[in-house]
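Chain by chain, the residues run as shown.
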Amino acid sequence: MSVYDYAFAGLGSLCAFLAYKTNPLKSGTEAPLDFTKFQRNYVFVFLVMMMSDWLQGPYVYALYEYYGYSPEDIGKLFIAGFGSSMVFGTMVGSFGDSIGRRKTCILFGFLYIASCVTKHFSNYYILMLGRLLGGVATSLLFSVFEAWMVSEHFSRNFDPSLLGGTFSLAYFGNSIVAITAGLVGGFAADNFGLVAPFDCSAAMLILGTFVVSTTWNENYGNASKPFVEQLQKGFSVVINQKEVAIAGAAQSMFEGAMYTFVFMWTPAMGSAAKAAGLGEIPHGYIFAIFMVSCMIGSCLFKYLSSSFDPKMLLTGVIIVAALGLAPAAVGGMGFVPLFAGFCLFEGSVGFYWPLIGEIRSAVIPEETRSTVMNFFRVPLNLIVVVVLYHIGDLSQVFVFRFCVCLLCMATYLATVLHIPAKTKQADVEFEPSG
């Protein structure tokens, strides 16, 4: 057996044990039937939309390369995507609070479908348009869906303690969806070409958008305020409400390190494996191992969230993430410590996602939820753009040290963050679908 087989077997066994003990499909608090239906509907849509995103990820660079573009040209396309998410995504994201979260989720579907369609063309400017549309769509994916769910949860007077279970189930399922997307995307690419995964993604987006349009109610932040006022109000909340600003900064630091890791783990593990005489790394197998690590983190969150304060959990998980990147930041420690550290980091990511979702639900005012969540992504995208722009001039060790520094700053922010107790939020504007 190889080191990858041992890792997959060991982590898979631990994941199965924790999944059995925590049962991610069951809420920790006795849940009414209408909540269970609501939760399953949201998680289904969330996972369908996330699968559409996972289907695209591994093939974007490969498709651009297939079309004959240089690494420099491809880098510009990636920077354009993150830049679009930073600038235009923030503005479009605020639509959710003013024109409605359901409508904005549907807008996400159309934007991302259009982005998939552009992949059928080799023209650089059409591909650039696709990256701009995809950048806006990504901002909506990681903000408006959650904003809709949290608002709907409170408007239906569900127990606030059930919210963490929804986040845990969604992100546990997200890891399974990521592995499934890898298999489906690989089959599609191998048999029908590099554009095929994007067509599969578009099919998932059509399904998810249909379910949203036919089964979701509409809810708003503050529908009476025009778009520009809503944007100004969200910015004012970030600037003037200390806990919102601290939570947003901590999120940006952690996720800035996480997205940088996404670009760096392949070359780091590839060079370490060659130095250890292991040859080429099995990218798909390692990705599956990382996703199992994420699932372990999601299970641990559900197990620990009812016993420990969110502030303590956030501080702890960021410290664990920093320890996971330490071998890469030190350099020269060998393949096994590097691989083990990366698995630990991925486990912390699996723990972090449901935790930060629960924290956001407590600190962000309902009337500006979508807008503020998109403002949170501005420094995150700025970090990624700067790193990508200079990636060719920086050593791997330097980049990982930068990531550890970001996590150290996030740790400090977590220690000074005050998280309000779970309460039912009021003043939610609500409108049935139809």
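Predicted model only: the values in this text are computed from it and were never measured. (Residues numbered from 1 in each chain as written. Predicted model: local features only at pLDDT ≥ 70, side-chain atom pairs only at ≥ 80, totals over all residues. Heavy atoms only, no water.)

Enquirer: Break down a nonpolar patch on the surface for me, citing the residues and quoting the values.
Expert: Together, V87, F88, M91 and L132 give the surface a local cluster of nonpolar side chains, amounting to about 310 Å² of exposed area. The element best represented in the nonpolar patch is helix α4 (residues 71-93), accounting for 3 residues. Within the secondary structure, F88 sits in helix α4. (Patch = residues over 30% accessible without salt bridge, like charges linked within 9 Å, V, L, I, M, F, W, Y side chains within 5 Å. Areas by Shrake-Rupley, 256 points an atom, 1.4 Å probe, with all protein chains shown as cover. Salt bridge = Lys/Arg side-chain N within 4 Å of Asp/Glu carboxyl O. Helix = DSSP H or I, 4+ residues; strand = E, 2+ residues; numbered from the N terminus.)

Enquirer: Which residues make up the nonpolar core, and what values do they have?
Expert: If you look at the biggest cluster of nonpolar residues, it comprises 142 residues, and the most contacted ones within it are F145, M269, F290, F339 and F342. Contact partners of F145, with chain neighbours within four places excluded, come to Y42, V45, M49, C105, F108, L140, V212 and W216. (Core = buried A, V, L, I, M, F, W, Y, C linked by side-chain atoms within 4.5 Å. Buried < 20%, exposed > 50% of the residue type's maximum accessible area, 1.4 Å probe, protein only. Contact = heavy atoms within 4.5 Å.)

Enquirer: I'd like a rundown of empty space enclosed by the protein, residues and numbers included.
Expert: The final tally for this structure, using the stated rule, is 2 cavities of 30 Å³ or more. Reported here for the largest cavity is a volume of approximately 60 Å³. If you trace the largest cavity, you find it lined by Y42, F46, L141, F142, E146, F167, Y171 and R360. Contributions of two or more residues to the lining of the largest cavity are made by α2 (33-56) and α9 (163-192). Split into classes, the residues belonging to the lining of the largest cavity amount to 6 nonpolar, no polar and 2 charged. Roughly 50 Å³ of internal volume is contained in the second largest cavity. (1 Å grid on protein atoms, 1.4 Å probe; cavity = no way out; pocket = protein on both sides within 12 Å on 5 of 7 lines; lining within 4 Å. Points joined across faces, edges and corners; volume = space filled by probe spheres on them. Nonpolar A, V, L, I, M, F, W, Y, C, P; charged D, E, K, R; others polar.)

Enquirer: Can you tell me about the environment of Y67, naming the residues and giving the values?
Expert: Following the sequence through the fold, Y67 ends up in the loop between α3 (60-66) and α4. For the pair Y67 and P282, spaced 215 residues apart in sequence, the C-alpha separation works out to 24 Å. In this structure Y67 touches K119, H120, F121, S122, L127 and V195, once residues within four positions along its chain are discounted. Polar contacts involving the side chain of Y67 include one to the main-chain carbonyl oxygen of K119, which spans 2.6 Å. (Polar contact = N/O pair within 3.5 Å; in protein donor to acceptor, adjacent residues only side chain to side chain.)

Enquirer: Lay out the side chain of S175 in plain terms, naming residues and giving numbers.
Expert: The residue S175 is located in helix α9 in this model. Discounting residues that sit within four places of it in the chain, S175 has contacts with M291, C294 and M295.

Enquirer: Any chance you could break down the packing of helix α1 (residues 3-22) against helix α13 (residues 283-304) for me, citing the residues and the numbers?
Expert: Running from amino to carboxyl end, α1 crosses α13 at an angle of 25°, the nearest separation of the two axes being 9 Å. Compared by their axis directions, α1 and α13 come out roughly parallel. Crossing angle aside, the handedness with which α1 passes α13 is left-handed. Taken together, the residues of α13 that come into contact with α1 (itself represented by Y4, D5, A7, F8, L11, G12, L14, C15, L18, A19 and T22) are Y285, I286, A288, I289, V292, S293, M295, I296, C299, L300, K302 and Y303. Here the contact of α1 with α13 is built from residues that sort into 18 nonpolar, 3 polar and 2 charged. (Axes fitted to C-alpha atoms, helices over the stretch in contact; angles between N-to-C directions. Parallel < 35°, antiparallel > 145°, perpendicular 65-115°, else oblique. Left-handed = near helix turned anticlockwise from the far one by under 90°.)

Enquirer: Mind laying out the packing of aromatic side chains, listing which residues take part and the relevant values?
Expert: Centre distance and the angle of the planes are the two values used to describe a pair of aromatic rings. Considering all chains together, one arrives at 39 aromatic pairs under this definition. Residues F46 and Y171 carry aromatic rings whose centres are separated by 5.3 Å and whose planes lie at 75° to one another, so their mutual orientation is edge-to-face. Highlighted residues: F46 in helix α2 and Y171 in helix α9, separated in sequence by 125 residues. Take F46 and Y171: they sit in the same class, and that class is buried. Measuring from ring centre to ring centre gives 5.7 Å for F235 and F375, while their planes differ by 55°; the resulting arrangement is tilted. Taken together, the residues F235 in helix α11 (residues 227-240) and F375 in helix α16 (residues 369-390) connect sequence positions 140 residues apart. On the accessibility criterion, F235 (45% relative accessible area) is partly exposed. Of note, R131 hangs over the ring of F78, and the distance from its end group to the ring centre comes to 4.7 Å. (Phe/Tyr/Trp six-rings, centres within 6.5 Å; stacked < 30°, edge-to-face > 60°. Lys NZ or Arg CZ within 6 Å of the ring centre and 35° of its normal.)

Enquirer: An account of the confidence of the model for the protein is needed here, citing residue identities and associated values.
Expert: The share of residues in the protein with pLDDT of 70 or more is 94%, and the mean pLDDT across the chain is 87. Highest mean pLDDT in the protein belongs to helix α10 (residues 196-215) (96); lowest belongs to strand β2 (residues 429-431) (41). Under a pLDDT of 50 for its full length, residues 423-434 has, in the predicted model, 32 contacts with residues more than four places off or in other chains. (pLDDT = per-residue confidence, 0-100.)

Enquirer: Run through helix α17 (residues 396-416), naming residues and quoting values.
Expert: The periodicity of an α-helix, 3.6 residues per turn, causes residues three or four positions apart to be oriented the same way. The terminal C-alpha atoms of α17, which comprises 21 residues, lie 31 Å apart, in line with the 30 Å expected from a rise of 1.5 Å per residue. The complete set of buried residues in α17 reads V399, F400, C403, V404, L406, L407, A410, T411, L413 and A414. Looking at the packing, one finds that the buried side of α17 touches α12 (242-275), α14 (310-330), α15 (335-363) and α16. (Expected span 1.5 Å × (residues − 1).)

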